[in-house]
Amino acid sequence: MEVPAISSGMEIPTHMKACMYYEYGSFTDVLKFDEAKTTSVPQVKDDQVLIKVVAAALNPIDAKRMTGFFKPTDSPLPTAYQGLERCGPLHGKSVLVLGGAGGVGSLVIQLAKHVFGASRVAATSSSGKLEFLKSLGVDLAIDYTKESLEDLPEKFDVVFDGIGQSDKAVRAMKEGGNVVGIIVEVTPPAYRMIVTSDGSVLEKLNPFLESGKVKPIVDSKGPFPFSQVTEAFAHLKTGKATGKVVIYPIP
């Protein structure tokens with residue numbers, strides 16, 4: 001989608017629309033959007049810039065944060081790149097992605113294949129999304145409704161768990177391998193990534209995105225308008241989304 005350019009002479013509004021929650025709970029109960037209500041635009045200091053966000057993607061972890069799951073620390077969670085980067089060089093190694101058709105999973109597949117140079121990439125999904133996984137370049141598409149991770153005939157150097165099943169993921173890992181989890185508490189020797197945003201990662205990815213080697217996948221049900229954020233979360237919760245669930249336009 002095209003993002004309109006903002007000229008330097010554009011007047012900055014004092015208020016903006018907001019979809020907010022003021023207490024922890026289910027998104028259906030606490031997430032509120034009021035067409036008539038606005039919130040103040042942040043005041044910009046001399047050494048800061050104000051960025052207008054026109055589109056946003058939802059993650060399953062956003063709904064978990066809303067319930068208070070990360071209340072003690074409430075730290076931001078990683079992008080896919082950093083999880084793979086922590087596993088070290090992947091040349092000549094195999095990678096298994098759990099939840100390969102999701103927003104993070106679909107990106108992990110492409111990064112493992114085209115950026116980190118993994119020799120073999122496998123991924124799991126439901127029956128109807130196996131061809132989609134193959135279109136992303138996976139060497140082995142696994143139907144999780146028919147095959148058990150514990151019974152797979154081969155083990156993998158790296159298992160990227162994007163669905164919160166680290167107890168099963170470690171059983172699909174080679175001895176001495178790595179399991180990266182990004183959702184809930186993990187089963188050792190797996191580890192969960194909790195990091196801050198890093199602009200240098202985007203700089204590393206730019207050449208792959210611009211060349212088309214790595215393509216962001218947007219779920220076909222979207223984009224959802226800003227007034228339907230709750231409906232977008234409901235769709236995400238079904239587990240049937242392919243790629244990212246996107247909110248656009250944001251007024």
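Conventions and cut-offs
Residues numbered from 1 in each chain as written. Predicted model: local features only at pLDDT ≥ 70, side-chain atom pairs only at ≥ 80, totals over all residues. Heavy atoms only, no water. Buried < 20%, exposed > 50% of the residue type's maximum accessible area, 1.4 Å probe, protein only. Helix = DSSP H or I, 4+ residues; strand = E, 2+ residues; numbered from the N terminus. Pairing = 2+ DSSP bridges. Right-handed = clockwise from strand over helix to strand, strands pointing away. pLDDT = per-residue confidence, 0-100. Contact = heavy atoms within 4.5 Å. Patch = residues over 30% accessible without salt bridge, like charges linked within 9 Å, V, L, I, M, F, W, Y side chains within 5 Å. Areas by Shrake-Rupley, 256 points an atom, 1.4 Å probe, with all protein chains shown as cover. Salt bridge = Lys/Arg side-chain N within 4 Å of Asp/Glu carboxyl O. Phe/Tyr/Trp six-rings, centres within 6.5 Å; stacked < 30°, edge-to-face > 60°. 1 Å grid on protein atoms, 1.4 Å probe; cavity = no way out; pocket = protein on both sides within 12 Å on 5 of 7 lines; lining within 4 Å. Points joined across faces, edges and corners; volume = space filled by probe spheres on them. Nonpolar A, V, L, I, M, F, W, Y, C, P; charged D, E, K, R; others polar.

A. Broad picture of the pairing of strand E4 (residues 94-98). Of all 5 residues in E4, 5 are buried, a share of seventy percent or more. Neither face of E4 is left uncovered, since the one carrying Ser94, Leu96 and Leu98 and the one carrying Val95 and Val97 both have all their residues buried. Bridging between E4 and strand E5 (residues 120-125) involves 4 bridges; their strand directions are parallel. Within E5, the position partnered with Val97 by the bridge is Ala123. What joins E4 to E5 is helix H4 (residues 103-115), and the crossover it makes is right-handed. As defined by bridge partners, E4 adjoins strand E7 (residues 156-161) across 4 bridges and the pair is classed as parallel. Within E7, the position partnered with Val95 by the bridge is Val158.

B. Structural view of the confidence of the model for the chain. On average, residues of the chain score 85 in pLDDT, and 86% of them are at 70 or above. The model gives residues 1-7 a pLDDT under 50, and that stretch makes 6 contacts with residues more than four places away or in other chains.

C. View of the environment of Lys146. Within the secondary structure, Lys146 is located in the loop between strand E6 (140-143) and E7. Among the residues examined, Lys146 registers a relative accessible area of 68% and is labelled exposed. Along the chain, Lys146 and Ser127 lie 19 residues apart, while their C-alpha atoms are 8.5 Å from each other.

D. Spatial organisation of a nonpolar patch on the surface. A surface patch of nonpolar side chains, amounting to about 240 Å² of accessible area, comprises Ile12, Val44 and Leu50. Looking at the element boundaries, Leu50 is found in the loop between strand E2 (32-40) and strand E3 (56-58). With a relative accessible area of 37%, Leu50 lands in the partly exposed category.

E. Highlighting the packing of aromatic side chains. Applying the stated criterion to the full structure yields 3 aromatic pairs. Judged by centre distance (5.4 Å) and plane angle (90°), the ring pair of Phe33 and Phe226 falls under edge-to-face. In this pair, Phe33 sits in strand E2 while Phe226 sits in the loop between helix H7 (199-211) and helix H8 (229-237), placing the two residues 193 residues apart along the sequence. For Phe33, a relative accessible area of 27% translates into the label partly exposed.

F. Expanded view of the layout of surface pockets. Of the pockets and cavities examined, the second largest pocket occupies roughly 1000 Å³. Every residue lining the second largest pocket is counted, 32 residues in all, and those nearest its centre are Met16, Lys17, Val53, Phe226 and Ile250. Sorting the residues of the lining of the second largest pocket by element identifies strand E1 (15-20), E3, helix H2 (60-66) and H8 as the ones contributing at least two each. Per-element tally for the lining of the second largest pocket: the top contributor is E1, with 5 residues. Across the lining of the second largest pocket, the residue classes tally to 26 nonpolar, 1 polar and 5 charged.

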